[in-house]
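Fold and geometry: a report
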Amino acid sequence: MRPFTYERATKPADAAAAAVRNPGAKFIAGGTNLLDLMKLEIEVPRHLIDVNGLGLDTIQPTAEGGLRIGALVTNTDLAADQRVRRDYGVLSRAIVAGASGQLRNKATTAGNLLQRTRCPYFYDTNQACNKRRPGSGCAAIGGYSRQLAVIGSSSACIATYPGDMAVAMRALDAAVETVAPNGAVRTIPIADFHRLPGDTPHIETALAPGELIIAVTLPRPLGGTHVYRKVRDRASYAFALVSVAAVIQRDGSGRVAVGGIAHKPWRVEAAERRLAEGSKVVAATLLAGAKPTQDNAFKVPLVERTLAAALHDARNMA
Amino acid sequence: MDDREQSAISRRGVLVGGAATVAVTATPAADAQGVRPAPQPVTMPLTLEVNGKRRTIEVDTRTTLLDALREKLELTGTKKGCDHGQCGACTVLVDGKRINSCLTLAVMHQGDKVTTIEGLGTPDKLHPMQAAFVRHDGYQCGYCTPGQICSAVAVLGEIKAGVPSHVTADLTARPGPTNDEMRERMSGNICRCGAYSNILEAMADVAGVKA
Ligand SMILES: Cc1cc2nc3c(=O)[nH]c(=O)nc-3n(C[C@H](O)[C@H](O)[C@H](O)COP(=O)(O)OP(=O)(O)OC[C@H]3O[C@@H](n4cnc5c(N)ncnc54)[C@H](O)[C@@H]3O)c2cc1C
Ligand code: SF4
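Given the structure is predicted, the values throughout are model-derived calculations rather than measurements.

Some thoughts on the overall build of chain A
Within chain A, the secondary structure is distributed over 13 helices and 11 strands. Taking 318 residues into account, the globule formula puts the C-alpha radius of gyration at 20 Å, and chain A, at 19 Å, falls close to it. Seen through its principal axes, chain A has C-alpha atoms that stretch 55 × 50 × 35 Å. Burial statistics for chain A: of 318 residues in total, 60% are counted as buried. Nonlocal contacts in chain A, meaning residues at least 24 apart in sequence, comprise 62% of its contacts between residues at least 6 apart. Put simply, chain A shows about 12,000 Å² of open surface, and 51% of that area lies on carbon and sulfur atoms.

The structure is reproduced here in structure tokens:
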């Protein structure tokens, strides 16, 4: 690990300002992704701003009847919150489907949203990777790509966004609240938060330099049945090959978002409008234009089957 | 300004910065190519409560809690396995919650209460979970055992507190210490000898249920 200076921030706007004042600065929350990458010198911050003392660790009701989740609320506390379990079950389910108990005790809402890809070539500093070193190429293209994207990828990067929590947040139409170094506050819809790789796979989100996440807001509860289905190589403690977050209403309408297949949680509203026609039609619409590799072509039928299983679960639970 | 002066300033900045947000760390001047020299190692004082004792140490900011426990505080019961949060051998309790001590910086734990395997019990006064692991042969080589035991203690606490897991059927109901619940919650602790079924028996014994 490279040396770095360290400070503990006490006010959100001060933390954001400190991030632009110190070149090479990064925020550290739970540290479970950042430190992992710092040990491998994939991330090499010169200055760390510890945001754990910002007082952003509560979940509050909003005036609109939703919830405002502080950026520093841990994954365990968010998944265990009674309101979340009752009204946003898909979010609790997605969180507990990820990582381990130890990691969820440290992982935070903001840090989880910003976790970086698990592309094996991103992790191997001897390999070309446009995300790690812009312009160096992409060793995954033509390499071992079983875990990687089947849709929305580019000729520069075929990595996936690996997280579970954000897939549920996408289905719920959450919004990310931030504060900029100049103190300006803005709200970014989750649909626009994660980006597709395009020619700049190293730019992963809509955040500007130094912009700090302060909260994630959930709109008022949708009702319906909440399901999160995750398919992985072992029954627990593994990243998704494919996951489906679904909120299905009694009349069969609803929302579905898919994880593990793209550089961002994948949701296509036009596909949801065809839920009544069954999982085959929905999956085909969701994956229109998919460009799987030979290694990950299995994800295309797997999306359809995982979706079918999620819809089946929803019917059984309703 | 040479590197040494630079790092002295940085260090002072960090020390002053303990309580409030003050980023007085100066920015190293760029060289002719626009490449800044690598920062020098920075150390900071740190006080935490480990196994009921207040300890003050000086640590490099890069030191993980795991390395601070093992190398600075000579508490080598906590083990380093993968050092990337994948195996669970480094599991300790911080303010009562289990975490991977390898994926957290020591300096992030100013004032925290840390419990390691040495603090759970002693050879002549074992914690009930330690005693149950002995009784049920919940290990072979023993390397993952301190992490398994810390995790197991916390798992029963999490079930009692009603924290849901991936296998909890009804999110609005309280989970119980069933085999499925305990297995799922222990998935962050890998045992390469495969002592899993005996670990489960030890946990069931402490939880007062049949494995
Ligand atoms: C072994 C292992 C298995 C895992 N399995 C899964 C899994 O199955 N599913 C899953 O979803 N995840 C999984 N994870 C990833 C885990 O969920 C993330 O590491 C965690 O959520 C990151 O949160 P954190 O608070 O620790 O982030 P940190 O590591 O502290 O930060 C991550 C990034 O976010 C930035 N950041 C943090 N807070 C803010 C803020 N408030 N504003 C702006 N930027 C901020 C940091 O600068 C950093 O770039 C796994 C991790 C490990 C190590
Ligand atoms: S797919 Fe993306 S992350 Fe993976 S090697 Fe290529 S550029 Fe890097």
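Structural notes on the site of ligand 2
The environment of ligand 2 is made up of 13 residues, and the closest members are Cys119, Cys129, Cys138, Cys157 and Ile158 of chain A. Along the lines of polarity and charge, the residues of the shell around ligand 2 split into 11 nonpolar, one polar and one charged.

Looking at the side chain of Arg185 of chain B
Locating Arg185 of chain B in the fold gives a position in helix 6 (residues 179-185). Every residue in contact with Arg185 of chain B, bar those within four places of it in the chain, is listed here: Arg98, Val155, Glu158, Ile159, Val163, Pro164, Ser165, Thr168 and Pro175 of chain B.

Points about the site of ligand 1
Contacts to ligand 1 come from 33 residues, most closely from Phe27, Gly31, Thr32, Thr108 and Asp164 of chain A. With respect to ligand 1, the chains having nearby residues are chains A and B. Separating an oxygen atom of ligand 1 from a backbone N or O atom of Gly31 of chain A is a distance of 2.7 Å. When ligand 1 sits alone it has 980 Å² of accessible area, and the protein chains cover 96% of it. For the shell around ligand 1, the class distribution of residues is 15 nonpolar, 13 polar and five charged.

Considerations on the nonpolar core
When a protein is soluble and globular, its nonpolar side chains tend to lie buried together. Among the nonpolar cores identified, the biggest contains 53 residues, and Leu78, Leu91, Leu113 and Met169 of chain A are the most heavily contacted of them. If one sorts the elements of this core by residue count, helix 9 (residues 165-171) of chain A sits on top with six residues. Discounting residues that sit within four places of it in the chain, Leu113 of chain A has contacts with Tyr161, Met165, Ala166, Met169, Val176, Ile190, Phe193, His194, Ile213 and Val216 of chain A. Counting 35 residues, the second-largest nonpolar core is a separate cluster that includes Leu48 of chain A together with Met44, Val94 and Ile99 of chain B.

Structural notes on unusual backbone geometry
Not every positive phi belongs to a glycine, and Tyr237 of chain A is a case in point at roughly 60 degrees. In this fold, Tyr237 of chain A is placed in the loop between strand 9 (225-231) and strand 10 (242-248). Even without a glycine there, the phi angle at Asn51 of chain B is positive, about 50 degrees. Here Asn51 of chain B lies in the loop between strand 1 (43-50) and strand 2 (53-60). Classification of Asn51 of chain B by relative accessible area gives partly exposed; the value is 25%.

Notes on helix 13 (residues 299-317) of chain A
Residues and elements named next belong to chain A. For helix 13, spanning 19 residues, the distance from its first C-alpha to its last is 26 Å, which sits close to the expected 27 Å at 1.5 Å a residue. Listed as buried for helix 13 are Lys299, Leu302, Val303, Thr306, Leu307, Ala309, Ala310, Leu311, Asp313 and Ala314. Considering only its buried residues, helix 13 is in contact with strand 9, strand 10, strand 11 (254-259) and helix 12 (279-286).

As for helix 12 of chain A
All names here are of chain A. Of the positions making up helix 12, those classed as buried are Ser279, Val282, Ala283 and Leu286. One side of helix 12 carries all its buried residues, which in axial view fall inside an arc of 95 degrees. Exposed side of helix 12, more than 90 degrees from the buried face: Lys280 and Ala284 are the residues found there. For helix 12, the secondary structure elements touched by its buried residues are strand 11, helix 11 (269-272) and helix 13.

Some remarks on the packing of helix 12 of chain A against helix 13 of chain A
Residue and element names in this part refer to chain A. Close contact between helix 12 and helix 13 brings their axes to 9 Å; oriented N to C, the two are set at 135 degrees. As summarised for this structure, helix 12 and helix 13 are arranged oblique, according to the angle between their axes. As for the relative orientation of helix 12 and helix 13, their crossing is right-handed in sense. Of helix 13, the residues touching helix 12 (which contributes Ser279, Lys280, Val282, Ala283 and Leu286) are Val303, Glu304, Leu307, Ala308 and Leu311. Residues that form the contact of helix 12 with helix 13 fall into these classes: seven nonpolar, one polar and two charged.

Structural notes on the side chain of Asn33 of chain A
Here Asn33 of chain A shows up in the loop between strand 2 (25-28) and helix 2 (34-39). Apart from the residues lying within four places of it in its own chain, the contact partners of Asn33 of chain A are Leu114, Gln115, Arg116, Arg118 and Tyr123 of chain A.

Topic: the pattern of salt bridges
Residue and element names in this part refer to chain B. Summed over all chains, the structure comprises 28 salt bridges over all chains. Put simply, Asp60 and Arg62 hold a salt bridge, and the shortest N to O gap is 2.9 Å. Residue Arg62 is classed as partly exposed on the basis of its relative accessible area of 22%. Across the pair Lys80 and Asp67 runs a salt bridge whose closest N-O atoms are separated by 3.1 Å. In this pair, Lys80 sits in the loop between helix 2 (65-72) and strand 3 (91-94) while Asp67 sits in helix 2, placing the two residues 13 residues apart along the sequence. Classification of Lys80 by relative accessible area gives partly exposed; the value is 31%.

Definitions and limits used
- Residues numbered from 1 in each chain as written.
- Chains lettered and ligands numbered in written order.
- Predicted model: local features only at pLDDT ≥ 70, side-chain atom pairs only at ≥ 80, totals over all residues.
- Heavy atoms only, no water.
- Helix = DSSP H or I, 4+ residues; strand = E, 2+ residues; numbered from the N terminus.
- Rg over C-alpha atoms; globule rule 2.2 N^0.38 Å.
- Buried < 20%, exposed > 50% of the residue type's maximum accessible area, 1.4 Å probe, protein only.
- Contact = heavy atoms within 4.5 Å.
- Areas by Shrake-Rupley, 256 points an atom, 1.4 Å probe, with all protein chains shown as cover.
- Near = heavy atom within 4 Å.
- Nonpolar A, V, L, I, M, F, W, Y, C, P; charged D, E, K, R; others polar.
- Polar contact = N/O pair within 3.5 Å; in protein donor to acceptor, adjacent residues only side chain to side chain.
- Core = buried A, V, L, I, M, F, W, Y, C linked by side-chain atoms within 4.5 Å.
- Expected span 1.5 Å × (residues − 1).
- Arc of directions from axis to C-beta.
- Axes fitted to C-alpha atoms, helices over the stretch in contact; angles between N-to-C directions.
- Parallel < 35°, antiparallel > 145°, perpendicular 65-115°, else oblique.
- Left-handed = near helix turned anticlockwise from the far one by under 90°.
- Salt bridge = Lys/Arg side-chain N within 4 Å of Asp/Glu carboxyl O.

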